[in-house]
Amino acid sequence: MTVGQICEKLRLKSLTGDVGMDREVKGAYVCDLLSWVMAHAHEGDAWITIQTHTNIVAVATLIELSCIIIPENAEIEDDTIKKAIEEGIPILTSEQNAFMICKNLISIGLGS
Amino acid sequence: MGNISYEFPVEKDDFERAGEASSKIKKILRQLGMDSGIIRRVAIGAYEAEMNLVIHSLGGTIRIDIDPKSIIITAEDKGPGIHDINLAMKEGYSTATEKIREMGFGAGMGLPNMKRCSDIFEIQSIVGKGTKIVMKMNLKDGD
């Protein structure tokens, strides 16, 4: 499944335009502690987090996450979006909370 | 492949640029065509070391030395030094401020993550002088 397909099926809004829409999403990971994510998330995971500062892009880039999903329309710093575009990491937002985003990801076949 | 070395300065409290040194290190390994498993280990170790310099130190450097048999990451800072290394190595222990924790740092996993990524992990610290961390990752055939 690609980032673009997830965007469409879950009606997520991309803040980074078309960046990385063809990246493959292999799973998902939910956590707001950056070191925990570094240690445990897998390459290709969609990362659901409420953290919105620029360093989330560094984490996603370093361990090759497929995209970052920000729940509940939390506000995202402009610098974060700028950096994400530079690094080719898609940032998507949803009005739903992290639990509902996971539920929907599972219902469209992720993680099975 | 000959020996390759790079050194990157890391400023204290520079959250804007935090992660850049580790990203550069990762790009170097990629250009060398290294295996994704070893790249991930080095990237995690370098990132944790870099974030520790930004959050806890008065500034320092991250260095990478690559030879045919290993990759060595060295993080060295100008202080303030760690009072109790055993305590600092304990998962979950952190001296980070509330503000830093709200940003998702300070989980007390930095040093344990570095150790986990390394084949050999060394830490030396003198209060008032500084801390030096050396992470050695051995290269196997195919890395």
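Further up the page is the structure itself.
Parameters and conventions
Counting from 1, residues in each chain are numbered in the order their sequence is written. Note on labels: chains are lettered from A, ligands numbered from 1, in written order. Reporting of local features is limited, given that this is a predicted model, to residues whose pLDDT is at least 70; pairs of side-chain atoms are given and counted only at 80 or more, and all residues count toward the totals for whole chains, interfaces and linings. Based on all heavy atoms of the structure, the side-chain values leave hydrogens and waters out of the count. Helix axes are fitted only over the stretch in contact, all axes being lines through C-alpha atoms; the angle between N-to-C directions runs from 0 to 180 degrees. For helices the rule is a DSSP run of H or I covering at least 4 residues; for strands it is a run of E covering at least 2, with both sets numbered from the N terminus onward. Here roughly perpendicular refers to angles of 65 to 115 degrees, roughly parallel to angles under 35, roughly antiparallel to angles over 145, and oblique to all remaining angles. A crossing counts as left-handed when the near helix is turned anticlockwise from the far one by less than a right angle, and as right-handed when that turn is clockwise. By definition in these notes, contact holds between two residues if any of their heavy atoms fall within 4.5 Å. By salt bridge we mean one thing: a side-chain nitrogen of Lys or Arg within 4 Å of a carboxyl oxygen of Asp or Glu. Each polar contact in these results corresponds to two N or O atoms within 3.5 Å; when the atoms are within protein, one needs to be able to donate a hydrogen and the other to accept it, and residues that are neighboring in sequence are counted only if both atoms are side-chain atoms. Charged residues are taken to be Asp, Glu, Lys and Arg, nonpolar residues to be Ala, Val, Leu, Ile, Met, Phe, Trp, Tyr, Cys and Pro, and polar residues to be all remaining types, Gly included. Pairing between two strands requires that DSSP report at least two bridges joining them. Stacked, tilted and edge-to-face are the three classes applied to pairs of Phe, Tyr and Trp rings, where Trp contributes its six-membered ring and a pair requires centres within 6.5 Å; stacked means planes under 30 degrees apart, edge-to-face means over 60, and tilted covers the rest. Put simply, a nonpolar core is a bunch of buried Ala, Val, Leu, Ile, Met, Phe, Trp, Tyr and Cys residues held in one set by side-chain atoms that sit within 4.5 Å of each other. Here's how the labels work: a residue is buried when its accessible area is under 20% of the maximum for its type, exposed when over 50%, partly exposed in between, all with a 1.4 Å probe on protein chains only.

Asker: Account for the packing of helix H3 (residues 55-62) of chain A against helix H2 (residues 36-56) of chain B, with residues named and values stated.
Answerer: The relative placement of two packed helices comes down to the angle between their axes together with the axis-to-axis distance. Relative to each other, H3(A) and H2(B) sit at 160°, their axes nearing to 10 Å. On the basis of their axis angle, the class for H3(A) and H2(B) is roughly antiparallel. Taken as a pair, H3(A) and H2(B) cross one another with a handedness that is right-handed. When H3(A) is examined against H2(B), the residues A:Asn55, A:Ala58, A:Val59 and A:Leu62 are found in contact with a partner set consisting of B:Ala43, B:Tyr47 and B:Met51.

Asker: Run through the interface of chain A and chain B, naming residues and quoting values.
Answerer: It is common to give the size of an interface as the accessible area that goes away when the parts come together. Facing 24 residues of chain A, the contacting portion of chain B comprises 26 residues. We note a salt bridge from A:Glu87 to B:Lys27, for which the minimum N-O separation is 3.8 Å. The interface formed by chain A and chain B includes 14 residue pairs in polar contact (both at pLDDT 80 or more). The set of elements that each furnish at least two residues to the side of chain A that touches chain B consists of helix H2 (34-40), H3 and helix H4 (78-87) of chain A. Sort the elements by how many residues they give to the side of chain A that touches chain B and H2(A) lands first, with six residues. Of the residues that constitute the side of chain A that touches chain B, the class distribution is 10 nonpolar, eight polar and six charged.

Asker: Got a sec to walk through the sheet that holds strand S5 (residues 91-93) of chain A? Specific residues and values, please.
Answerer: Residue and element names in this part refer to chain A. The mixed open sheet is built from five strands, whose spatial order is S1-S5-S4-S3-S2. Whereas interior strands pair on both sides, the edge strands pair on one side only; in this sheet they are strand S1 (13-14) and strand S2 (27-30). The sheet contact formed by strand S3 (residues 45-48) and strand S4 (residues 67-70) spans three bridges and is parallel. Within the sheet, the bridge partner assigned to isoleucine 48 lies in S4 and is isoleucine 69.

Asker: I'd love a proper account of the environment of A:Asn73, names of residues and values included.
Answerer: One can find A:Asn73 in the loop between S4 and H4. In this structure the C-alpha to C-alpha distance between A:Asn73 and A:His53, which are 20 residues apart in sequence, comes to 15 Å.

Asker: Report on the packing of aromatic side chains, specifying residues and quantitative values.
Answerer: Following the criterion strictly, the structure yields two aromatic pairs over all chains and no others. Arranged with centres 6.4 Å apart and planes meeting at 10°, the rings of B:Tyr6 and B:Phe8 form a pair that is stacked.

Asker: Break down the sheet that holds strand S5 (residues 130-138) of chain B for me, citing the residues and quoting the values.
Answerer: All names here are of chain B. Spatially, S1-S2-S3-S5-S4 is the arrangement adopted by the five strands of the open sheet, whose pairing is antiparallel. Since the sheet does not close on itself, it has two edges, and those belong to strand S1 (4-10) and strand S4 (120-126), each with one partner. Looking at each pair of strands side by side, their axes are set apart by 10° on average, direction ignored. Here S4 pairs with S5 via seven bridges, running antiparallel. Residue pairing for S5: isoleucine 123 is matched across the bridge by isoleucine 133. Of the strands in this sheet, S1, strand S2 (60-66) and strand S3 (70-77) are in contact with helix H1 (residues 20-31), which crosses S1 at around 165°.

Asker: Talk me through the pairing of S5(B); I want residue IDs and the actual numbers.
Answerer: The side chains of a regular strand alternate, residue by residue, between the two faces of the sheet. Residue and element names in this part refer to chain B. Sheet topology places S3 next to S5; seven bridges connect them, and they run antiparallel. When the sheet's bridge partners are listed, glutamate 76 is paired in S5 with lysine 132. The turn joining S4 and S5, which pair antiparallel and follow one another in sequence, is formed by three residues; a positive phi near 90° is taken by glycine 128.

Asker: I'd like to hear about the nonpolar core, residue by residue, with values.
Answerer: If you look at the biggest cluster of nonpolar residues, it comprises 63 residues, and the most contacted ones within it are A:Val37, B:Val42, B:Tyr47, B:Ile71 and B:Phe105. Among the elements that make up this core, the one with the highest residue count is H2(B) (12 residues). Not counting chain neighbours up to four residues away, the residues in contact with B:Tyr47 comprise A:Leu34, A:Met38, A:Asn55, A:Ala58, A:Val59, A:Leu62, B:Gly19, B:Ser22 and B:Phe105. Core analysis: the next-biggest nonpolar cluster, separate from the first, contains 15 residues, A:Leu10, A:Leu12, A:Ala46 and A:Ile48 among them.

Asker: Quick rundown of unusual backbone geometry? Include the residues and the values.
Answerer: A cis amide bond links B:Gly79 with the next residue in sequence, B:Pro80, at an omega value of 10°. Even without glycine at this site, A:Glu72 takes up a positive phi of about 50°. A positive phi is found at B:Asp13, a non-glycine position, where the angle reads about 60°. Among the structural elements, B:Asp13 can be located in the loop between S1 and H1.

Read these as layout, nothing more, since geometry by itself doesn't imply function.
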